[in-house]
Amino acid sequence: MALTLPSLLSTSSAASSPCLPPHRTLFTGPSTLSLNRSCRRRRSGPRASVAFDSPAEAGERGGSSSGELLLEVRGLSAVISESKKEVLRSVDLTVHQGEIHAIMGRNGSGKSTFSKVLAGHPQYEVTGGVVTFKGQNLLDMDPEERSHAGLFTSFQDPVEIPGISNYDFLLMAYNARQKKLNRPEIGPIEFFSVVDPKLAMLKMEKGFLDGHVNGASGGQKKRSEILQLAVLGADLCILDEIDSGLDVDALQDVAKAINGLLTPDNSILMITHYRRLLDYIKPAYVHIMEDGRIIKTGDASLAKQLEEGGFKAVSAT
Amino acid sequence: MYSLNTPPHPLLLPPPLLTMSSTTTTSHLLHPFHHHHLPKPKPSPLRLRLRSALSDPRLLHLAEKLEDSVSPSLPLLHNLRLSSSDSILSKSWPTRRDDPFRYTDLSLLKSSQIEPSPPSPSSPLPDEPQLFPNRFYILDGHVIPSLSSLPNLPNGVYVGGISGVPDRIAGSVLDSFSGFRDGDLFWDLNGIGAPDVAVVYVPEGCRVEEPLHLKYVFGGGGGERRLAVSNPRVLVVVERGGEIGIVEEFGGGGGDGFYWANSVAEVAIGEGGRVSHSYVQRQELGSAHTKWTLVQQGSSSTYELVEISTGGKLSRHNLHIQQLGPDTVTELSSFHMSRSDQLLDLHSKLVLDHPRGYARQLHKCVVSHSSGKVVFDGNIQVNRYAQQTDAGQQTRSLPLTPRPCINVKPNLKIVADDVKCSHGAAISNLEDSQQLFYFKARGIDTQTARDAVVFSFGAEVLSRLPYEALRKSLASDLKGLIADKETIHLPDEI
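Conventions used here
- Residues numbered from 1 in each chain as written.
- Chains lettered and ligands numbered in written order.
- Predicted model: local features only at pLDDT ≥ 70, side-chain atom pairs only at ≥ 80, totals over all residues.
- Heavy atoms only, no water.
- Pairing = 2+ DSSP bridges.
- Helix = DSSP H or I, 4+ residues; strand = E, 2+ residues; numbered from the N terminus.
- Contact = heavy atoms within 4.5 Å.
- Axes fitted to C-alpha atoms, helices over the stretch in contact; angles between N-to-C directions.
- Core = buried A, V, L, I, M, F, W, Y, C linked by side-chain atoms within 4.5 Å.
- Buried < 20%, exposed > 50% of the residue type's maximum accessible area, 1.4 Å probe, protein only.
- Phe/Tyr/Trp six-rings, centres within 6.5 Å; stacked < 30°, edge-to-face > 60°.
- Parallel < 35°, antiparallel > 145°, perpendicular 65-115°, else oblique.
- Left-handed = near helix turned anticlockwise from the far one by under 90°.
- Nonpolar A, V, L, I, M, F, W, Y, C, P; charged D, E, K, R; others polar.

*Asks:* Whenever I open this one, the sheet that holds strand E5 (residues 136–137) of chain A confuses me. Can you help?
*Replies:* Adjacent strands of a sheet form backbone hydrogen bonds with each other and so pair up, either parallel or antiparallel. All names here are of chain A. Strand order across the open sheet formed by four strands is E2-E1-E4-E5, with antiparallel pairing between neighbours. The open sheet has two edge strands, strand E2 (86–96) and E5, and neither has a second partner. Here two bridges tie strand E4 (residues 124–133) to E5, and the two strands are oriented antiparallel to one another. Directly across from Phe133, in E5, lies its bridge partner Gln136. The strands that helix H3 (residues 111–119) touches are strand E1 (69–80), E2 and E4; relative to E1, the one it contacts most, it runs at about 110 degrees.

*Asks:* How should I be thinking about the nonpolar core in this particular structure?
*Replies:* Note that soluble globular proteins tend to have their nonpolar side chains buried in a common cluster. The biggest cluster of nonpolar side chains holds 90 residues, and the ones touching the most others in it are Phe191, Ile226, Leu227, Ile268, Met270 and Ile281 of chain A together with Phe439 of chain B. In terms of residue count, helix H8 (residues 446–462) of chain B provides more of this core than any other element does, nine residues in total. Once residues lying within four places of it in the same chain are set aside, the contact partners of Met270 of chain A are Ile100, His101, Ala102, Ile103, Leu239, Leu277, Leu278, Ile281 and Pro283 of chain A. The next biggest cluster of nonpolar side chains, apart from the first, holds 46 residues, and it includes Ala198, Tyr259, Ala265 and Ala386 of chain B.

*Asks:* How should the packing of aromatic side chains be read in this particular structure?
*Replies:* One pair of aromatic rings is described through two measures. These are the centre distance and the angle between the planes. Residues and elements named next belong to chain B. Counting across every chain of the model gives 18 aromatic pairs over all chains. Note on Phe218 and Tyr259: the rings are 5.2 Å apart at their centroids and 10 degrees apart in plane angle, and the pair reads as stacked. Of this pair, Phe218 sits in the loop between strand E6 (212–217) and strand E7 (226–230) while Tyr259 sits in strand E10 (residues 259–269); the two residues are 41 residues apart in sequence, bridging distant segments of the chain. This pair shows no difference in class: Phe218 is buried, exactly as Tyr259 is.

*Asks:* Before we go on, may I ask you to explain the packing of helix H6 (residues 191–201) of chain A against helix H7 (residues 218–232) of chain A in this structure?
*Replies:* Each packed pair of helices is defined by two parameters, the angle between the axes and the distance between the axes. Residue and element names in this part refer to chain A. Contact pair H6 / H7: the axes reach a minimum separation of 10 Å and the direction vectors enclose 130 degrees. With respect to each other, H6 and H7 are oriented oblique. As H6 packs across H7, the resulting crossing turns out to be right-handed. Where H6 approaches H7, its residues Phe191, Val194, Val195, Lys198, Leu199 and Met201 are matched on the opposing element by Leu227, Ala230 and Val231. Along the lines of polarity and charge, the residues of the contact of H6 with H7 split into eight nonpolar, no polar and one charged.

Right, dumping it as structure tokens:
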């Protein structure tokens with residue numbers, strides 16, 4: 001079964017790009033779900049194993065356990081809608097609940113594209129493969145449905161939206177979720193008590209809420225994305241270069257906030273150039289992406305190998 | 001109505017010290033650059049001479065009716081009326097063959113019977129929240145001091161009708177009439193039919209902290225195929241180093257929609273002066289709105305205009321800015337939203353004749369109705385002596401209907417050789433917008449996301465309004481217009 005850790009580690013796109021039927025039912029039926037749940041093993045150690053203060057001592061999360069299957073990507077291929085240029089070539093990836101994964105790779109290797117395709121960006125057209133998220137076909141969903149299903153993508157360079165304040169945007173998104181869950185929508189005054197603690201957690205000023213969406217500097221944009229994540233919550237959080245544009249202090253704040261949001265049930269897929277992020281948020285799995293596919297998967301030592309020998313050292317093997 | 005040290009109510013008093021004798025005031029009336037143009041004032045009452053071979057009988061008939069509608073007892077307007085009468089003799093109703101009206105359909109005016117608005121304004125004013133402490137009402141072109149409130153004006157500032165202009169500033173005020181010669185028929189009709197001129201005078205070095213809100217209200221009084229025309233006119237004079245914020249607001253309450261507002265604002269800014277001009281046009285949807293804004297900028301002066309136009313069935317803004325000295329700063333931003341069977345038109349012209357001018361223009365428009373139209377002709381002329389000019393012009397359109405009618409023509413004419421100029425025009429597609437995706441990626445439904453992206457598009461201009469109260473009021477208006485799906489025709493979900 002492709003769910004287990006050993007098979008995941010052995011996965012490389014060259015070795016396995018099976019053409020699965022478009023609606024793979026193995027994980028979608030309720031019986032399967034309950035089976036998975038009953039099989040689920042909770043991690044026994046303390047949950048907050050990722051300590052930004054003492055990264056050297058922090059354990060790797062998800063390494064010793066695999067929860068319920070959360071995301072399964074099989075043979076995902078995509079082109080740019082306009083030019084039809086191929087950008088993803090049969091990507092395979094499996095993420096279980098509670099796991100932290102990192103995707104590393106050169107510029108233009110397809111890392112960000114992968115995250116955008118998962119989020120449903122209209123700029124890309126999926127040409128093959130299957131993506132199952134919590135037992136549902138993710139590719140059938142609109143971007144807003146993916147969000148409601150529990151997928152959150154923090155974008156590398158989120159677009160500026162003049163005239164809409166961060167506060168209004170957060171409220172809009174929060175209420176969209178409430179509505180979807182058949183819960184009462186919340187008023188702008190009550191909403192402050194939802195946002196305020198999250199702001200404090202990210203060490204952000206209250207004035208930030210009055211500014212317009214993504215109008216701030218690079219570092220503030222990243223914090224803003226994490227603030228959204230904190231307010232909205234997610235089962236799977238894709239962090240696309242959350243470390244770019246952040247100085248060490250800001251990176252620590254952001255990492256601490258992300259670690260604070262982790263529960264045994266949710267997972268992170270982070271995309272990064274640099275290993276330094278991995279000192280703060282420790283992945284159990286590191287994937288190397290090149291030319292639109294994942295060419296290698298390993299544990300955190302792969303990142304170290306990468307740092308020492310560069311991408312060449314990794315892609316050569 | 002007036003500054004704290006000015007005597008009461010000019011309309012209740014006979015024009016005191018300003019009774020014009022043709023010899024003493026002629027020199028004031030004549031603009032130095034247009035000496036040859038203005039006719040000498042005549043002692044006889046104004047009367048159009050309409051026997052010109054070039055004349056358009058229908059236009060002249062209207063001009064005559066307007067002439068009859070105004071009180072002849074405002075001697076300070078004598079020359080304006082006379083020169084306008086003179087000029088209109090050579091005018092005719094524009095057609096689509098006339099370049100400035102190539103895309104602007106004037107059939108609403110041509111097909112309507114046009115009558116001057118009733119002489120004694122009686123329309124009740126709508127009860128609405130007041131955005132600014134300094135308010136001045138202009139009802140069908142008549143200044144209404146009794147409704148106005150001007151508690152926060154510094155000494156020496158005058159705001160009021162032309163007959164109340166204090167003697168000490170009469171010369172400056174009259175000098176500031178531009179004697180502009182390139183106006184169209186709307187300019188001339190206003191010159192003939194303006195019943196008064198609201199004068200705003202800011203003395204040298206005076207900084208007016210609180211903005212002045214000019215509320216233009218229109219009583220209507222027309223009917224089906226009948227429009228009541230009124231001709232409000234404002235003259236803003238800011239002496240050297242003076243500063244003021246002006247908010248011109250048209251419509252926004254009351255009125256039956258059967259009217260034509262044909263207004264003119266002249267703004268003269270002295271050396272180092274600064275005028276922040278906010279222009280809000282939310283006229284009734286059946287009305288016609290034509291406006292001239294003529295600005296003369298002295299050296300090192302600053303003029304900032306933010307225009308928000310969403311009203312009227314036909315709306316035409318002619319904006320003309322002349323640079324009178326070097327080192328001027330000019331920033332123009334406009335947002336037009338055509339959300340019903342309406343045409344919104346901005347024709348702007350910025351003429352730079354002196355070195356080191358800085359100019360920026362941003363025009364944005366949304367067309368959300370299948371019969372909605374937007375026209376933009378933005379001209380910046382960088383003439384021979386305007387070296388080291390830095391000028392940029394951008395226009396962006398957001399069509400929300402499958403076959404929108406948007407005519408944009410940004411153009412820079414550059415004669416000087418040492419300049420930095422740029423211009424661009426873009427038509428955005430909402431469906432491809434990164435912003436739309438961003439909202440959706442956060443779980444916000446498509447319709448809410450679309451509305452928010454359209455709002456955000458306009459908000460870029462809205463946010464340039466310098467007053468929070470006005471920004472909020474207009475933002476809430478804009479959200480209402482966007483959410484009003486009766487008038488918005490969005491394409492079907494893809």
